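These are the residues of each chain, in order.
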Amino acid sequence: MKIKISYILLLVAFLSLSLVGRAGERFSPAALTPEQEQQFSYYWYAARNAIDGERYPEAYALLQFCHALKPNDAQTLYYLGIMYQGMGKKAETVAAYEEAYRVQQKGARSEDLLERLLQVYLATEQWKPALKIQDEIDAQRGYDAYSAITRYRIYAMAGEYKKAIKEIDRYLKTDPDNLRFLLFKLELMEQTNAKPKNLI
């Protein structure tokens, strides 16, 4: 059942009013009361359920409430990214995932966040940031066939064929009889024959 626009506007208004304390001051994100923590948890889980049901306007109102309470909460920012991604808003998706990435310490970032950020960078053809994220994924999980394929594709899509071939060769040193990677290399060699300047 789709939520009516009037209900969404009422919900946004209610949540906005909920952020104002009795003295007319906004909640302090640094020191929430137990009641505020309870409100945050309630609306955060409600937002997740709304996202699962693809009720994005409702999720947006709920997550804005959570974000106002805890501006640096990585999970809230992460689900804002998922919500925007479901709505097809690329710029907002990237911004939300990047902010979730920024507020977390290196080594403590979830693999799910890194994978989603990697995919949106690939979708928006941001090759250098994509490689940076792949580096961090490899640091957590280790270098494997998936890493090699991702790097190969990034270099190939960026037109850096020489680096793409080196990436294939790098993986073939660990698995020299891998038919899939041998075919990747053959395909790439055929492409570079058509574009020899990219091998210089």
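Conventions used here
- Within each chain, residue numbers correspond to sequence positions counted from 1 in written order.
- With pLDDT at 70 or above as the cut-off, local features in this predicted model cover only qualifying residues; side-chain atom pairs require 80 or more to be listed or tallied, and sums for whole chains, interfaces and linings still use all residues.
- Side-chain measures were taken over the full set of non-hydrogen atoms in the model, leaving aside hydrogen atoms and water.
- Grouping buried Ala, Val, Leu, Ile, Met, Phe, Trp, Tyr and Cys residues that are joined through side-chain atoms within 4.5 Å yields what is termed a nonpolar core.
- With a 1.4 Å probe rolled over the protein chains alone, any residue whose accessible area is under 20% of its type maximum counts as buried; one over 50% counts as exposed, and the rest are partly exposed.
- The contact rule is simple, with two residues in contact once any of their heavy atoms fall within 4.5 Å.
- Secondary structure follows DSSP: runs of H or I at least 4 residues long count as helices, runs of E at least 2 residues long count as strands, and numbering of each begins at the N terminus.
- Working rule for helices: expected span equals 1.5 Å times residues minus one.
- Note that the arc is computed from the directions linking the helix axis to the C-beta atoms.
- Ring pairs are drawn from Phe, Tyr and Trp, using the six-membered ring of Trp, whenever the two centres fall within 6.5 Å, and their geometry is named by plane angle: stacked under 30 degrees, edge-to-face over 60, tilted for the rest.
- The rule for a charge over a ring is simple: NZ of Lys or CZ of Arg within 6 Å of the ring centre, and within 35 degrees of the ring normal.
- Here, a salt bridge means any Lys or Arg side-chain nitrogen found within 4 Å of an Asp or Glu carboxyl oxygen.
- A 3.5 Å cut-off defines polar contacts: any pair of N or O atoms within that distance qualifies, except that in protein one atom must be a possible hydrogen donor and the other a possible acceptor, and neighbouring residues in sequence count only when both atoms are side-chain atoms.

**As for the nonpolar core**
Argument step 1. Within the largest apolar cluster, 53 residues are counted, with the highest numbers of intra-cluster contacts made by Ile51, Met83, Ile133 and Phe181.
Argument step 2. Excluding anything up to four places from it in sequence, Met83 contacts Ile51, Tyr56, Ala59, Tyr60 and Leu63.

**Quick notes on helix 9 (residues 161–172)**
Argument step 1. Across its twelve residues, helix 9 extends 17 Å between first and last C-alpha, which sits within 8% of the 16 Å expected from 1.5 Å per residue.
Argument step 2. Of the positions making up helix 9, those classed as buried are Tyr161, Ala164, Ile165, Glu167, Ile168, Tyr171 and Leu172. Along the long axis of helix 9, the arc covered by the buried residues comes to 155°, so they all point the same way.

**Description of the packing of aromatic side chains**
Argument step 1. Here the structure, examined in full by the defined rule, presents ten aromatic pairs.
Argument step 2. Seen from their ring centres, Trp44 and Tyr45 are 4.9 Å apart, and the 90° between their planes marks the pair as edge-to-face.
Argument step 3. Using a relative accessible area of 10% as the deciding quantity, one classes Trp44 as buried.
Argument step 4. Sitting above the plane of the Tyr101 ring, Arg109 keeps its charged end 3.6 Å from the centroid.
Argument step 5. Cation over ring: Arg170 sits above Tyr143, and NZ or CZ is 3.7 Å from the ring centre.

**Remarks on the pattern of salt bridges**
Argument step 1. Applying the stated rule across the entire model yields twelve salt bridges.
Argument step 2. One connected set of salt bridges, linked through shared partners, spans Glu111, Glu115, Arg141 and Asp144.

**Re helix 7 (residues 127–141)**
Argument step 1. Taking 1.5 Å per residue as the helical rise, helix 7 with its 15 residues ought to reach 21 Å, and the 21 Å between its terminal C-alpha atoms agrees with that figure.
Argument step 2. Among the residues making up helix 7, those that are buried are Trp127, Ala130, Leu131, Ile133, Gln134, Glu136, Ile137 and Asp138.
Argument step 3. On the buried face of helix 7, the contacting elements are helix 5 (90–103), helix 6 (111–123) and helix 8 (145–157).

**Considerations on the side chain of Glu115**
Argument step 1. With respect to the element layout, Glu115 can be found in helix 6.
Argument step 2. Under the relative-accessibility criterion, Glu115 is labelled buried at 17%.
Argument step 3. Separated by 3.2 Å, the side chains of Glu115 and Arg141 make a polar contact.
Argument step 4. Excluding its chain neighbours within four sequence positions, the residues that come into contact with Glu115 are Ile137, Arg141 and Tyr146.

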